[in-house]
Amino acid sequence: MIKVGIVGGTGYTGVELLRILATHPEVEVAMITSRSEAGQPVADMYPNLRGYYDLAFTEPDEATLAQCDLVFFATPHGVAMRMVPGLIAAGTRVVDLSADFRIRDLDVWAKWYGMPHESAEWAGRAVYGLPEVFREQIREAQLVANPGCYPTAVQLGFLPLLESGLVNPAHLVADAKSGASGAGRQGKIGMLHGEIGESFKAYGASGHRHLPEIRQGLELAAGGRVGVTFVPHLLPMIRGIEATLYAEVRDPVSFDTLQGLFEKRYANEPFVDVMPFGAHPETRSVRGANHCRMALHRQEDSPVIIVSSVIDNLVKGAAGQAVQNMNIMFGLEETAGLAAPALLP
Ligand SMILES: NC(=O)C1=CN([C@@H]2O[C@H](COP(=O)(O)OP(=O)(O)OC[C@H]3O[C@@H](n4cnc5c(N)ncnc54)[C@H](OP(=O)(O)O)[C@@H]3O)[C@@H](O)[C@H]2O)C=CC1
Ligand SMILES: CC(=O)N[C@@H](CCC(=O)OP(=O)(O)O)C(=O)O
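Values in this document were obtained by computation on a predicted structure and should not be read as measured data.

**Q** Would you take a moment to explain the UniProt feature "active site" (unreviewed entry) in the protein for this structure?
**A** According to UniProt, the feature "active site" (unreviewed entry) maps to Cys149 in the numbering used here. Here Cys149 shows up in helix α8 (residues 149-163). Once you skip the residues sitting within four places of it in the chain, Cys149 turns out to touch Ser178, Gly182, Ile241, Asn313, Gly317 and Ala318.

If you want it as structure tokens, here you go:
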């Protein structure tokens, strides 16, 4: 059994890790931290986990965490970068769900996250945890930087178009919408039901911290500069992201060619589902599941290709992808613990 620790066990991604790992055949959760709930049994706080865990929250003590084979960080930005070097020196591997190690350029990171980076060495050595691109590097990684939720939905939808060179990389548009759990469990007035219920808005349209992460991944796929406009929106629902992506083809190309391109690119990917041309993937078709479902569209003779991509922000956008990365790192079946289908309705 792989001995796992979770730092940040009372947040939405922490409790989602617990839910997924509760039935994982190869994992024992040995430690789960919370400073505010230390001493409280997990099952008292989360009744859905009653009968699954005989474990209480503890303070995030580095020496105890270092006894684990793998530690997940489900903490706000700036926490993992201070603890990771010590854990890795002690032989513990890490999957960080925060953004601490996602961005290569540390000046860019500091600008968007509002603090100087404190672990330049590991920012350079971390592997970006998008298995559909970096599976081989993830196998050997000491530290995996789990992608952000919006960047997962957006990158997976654009990748085949950019890798093939079929589209003009200068004018990409990602119009994305998220449920409120994307903002975490901390109380904020702007996230109250009375503030977001029966309403819908764009936010971060002048710039969101996921923009540099998205750009970094798309530039790698395109092999050069890309121009991308990313606008997130907040939906009055709990889980799910839908990203509607727009790209212009350089030369005329048939529906069949485009559909074939996507189907071939993701043929061996257990968690990416390319639906029939013209389908409309719904967020509820991935709720609670580690899947990204996508479909292609084109209007009459327009050169614009439309991709609709959906994920559950807490699963393929966070905890599920983190477990997928753990499975790859430890040579387990990649789908272990992640095989359950979505909740519908
Ligand atoms: N929500 C989502 O859909 C997604 C979230 N992420 C990222 O995952 C991370 C966690 O997100 P989420 O679960 O939503 O966050 P929450 O705000 O819901 O939870 C944060 C957790 O971290 C703990 N924590 C806070 N500060 C510290 C600290 N200094 N040291 C140790 N533990 C700390 C908190 O517990 P306590 O204060 O009691 O210790 C709490 O358990 C974030 O970086 C987020 O950006 C990534 C993709 C999607
Ligand atoms: C709805 C909502 O507020 N979503 C969050 C998503 C960010 C997230 O959780 O991902 P990171 O780990 O990259 O911060 C936001 O826009 O800030």
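Moving on from the coordinates now.
**Q** Explain the sheet that holds strand β5 (residues 127-128) to me, please; I cannot follow it from the model alone.
**A** One open sheet accounts for six strands, arranged β2-β1-β3-β4-β6-β5; its pairing is parallel. Two strands lie at the open edges of the sheet, namely β2 (27-33) and β5, each paired on one side alone. Relative to β2, helix α1 (residues 12-21) is tilted by about 160 degrees, and along the sheet it contacts β1 (2-7), β2 and β3 (70-73). The strands touched by helix α12 (residues 315-329) within the sheet are β3, β4 (93-96) and β6 (143-145), with β4 carrying the most contacts at an inclination of about 155 degrees.

**Q** I tried to follow the sheet that holds strand β7 (residues 172-178) on my own but got confused; where do I start?
**A** The strands that make up a sheet pair up through hydrogen bonds in the backbone, lying either parallel or antiparallel. The strand order across the open sheet built from seven strands is β8-β9-β7-β10-β13-β12-β11, with neighbouring strands paired in mixed fashion. Of all strands in the sheet, those with a lone pairing partner are β8 (201-202) and β11 (272-274), marking the two edges. Contacts from helix α10 (residues 210-222) reach β7 and β9 (228-234) within the one sheet, and its direction differs from that of β9 by about 135 degrees.

**Q** Even after reading the chapter, I still don't get the nonpolar core, so can you show me in this structure?
**A** Taken as a class, soluble globular proteins show a tendency for nonpolar side chains to be buried jointly. Residues Phe72 and Val154 are the most contacted members of the largest nonpolar core, which totals 91 residues. For this core, the element with the most residues is α8, which contributes nine residues. Dropping the residues within four chain positions of it, Val154 is found in contact with Ala174, Ala176, Ile214, Phe230, Ala243 and Leu245.

**Q** Hey, could you run me through the site of ligand 2 in this one?
**A** Around ligand 2, the surrounding shell consists of Ser98, Ala99, Gly148, Cys149, Ser178, Ala180, Gly182, Ala183, His210, Pro232 and Leu234. Of the residues belonging to the shell around ligand 2, the class tally is six nonpolar, five polar and no charged.

**Q** What is the right way to look at the domain arrangement of the protein in this model?
**A** Many structure descriptions define interface size as the accessible area lost when the parts assemble. If you check the domain split of the protein, you get domain 1 (2-125) and domain 2 (150-313). The distance between the C-alpha centroids of domain 1 and domain 2 comes to 27 Å. Every contact between the two is made by eight residues of domain 1 and, on the other side, seven residues of domain 2. Taken together, the residues that form the side of domain 1 that touches domain 2 break down as five nonpolar, one polar and two charged.

The rules we used
- Residues numbered from 1 in each chain as written.
- Chains lettered and ligands numbered in written order.
- Predicted model: local features only at pLDDT ≥ 70, side-chain atom pairs only at ≥ 80, totals over all residues.
- UniProt positions renumbered as here; feature names shortened; annotations may be inferred.
- Helix = DSSP H or I, 4+ residues; strand = E, 2+ residues; numbered from the N terminus.
- Contact = placed C-beta atoms within 7 Å.
- Pairing = 2+ DSSP bridges.
- Axes fitted to C-alpha atoms, helices over the stretch in contact; angles between N-to-C directions.
- Core = buried A, V, L, I, M, F, W, Y, C linked by C-beta atoms within 7 Å.
- Buried ≥ 20, exposed ≤ 12 C-beta atoms within 10 Å, placed from the backbone.
- Near = placed C-beta within 6 Å.
- Nonpolar A, V, L, I, M, F, W, Y, C, P; charged D, E, K, R; others polar.
- Domains from an automatic or database assignment.

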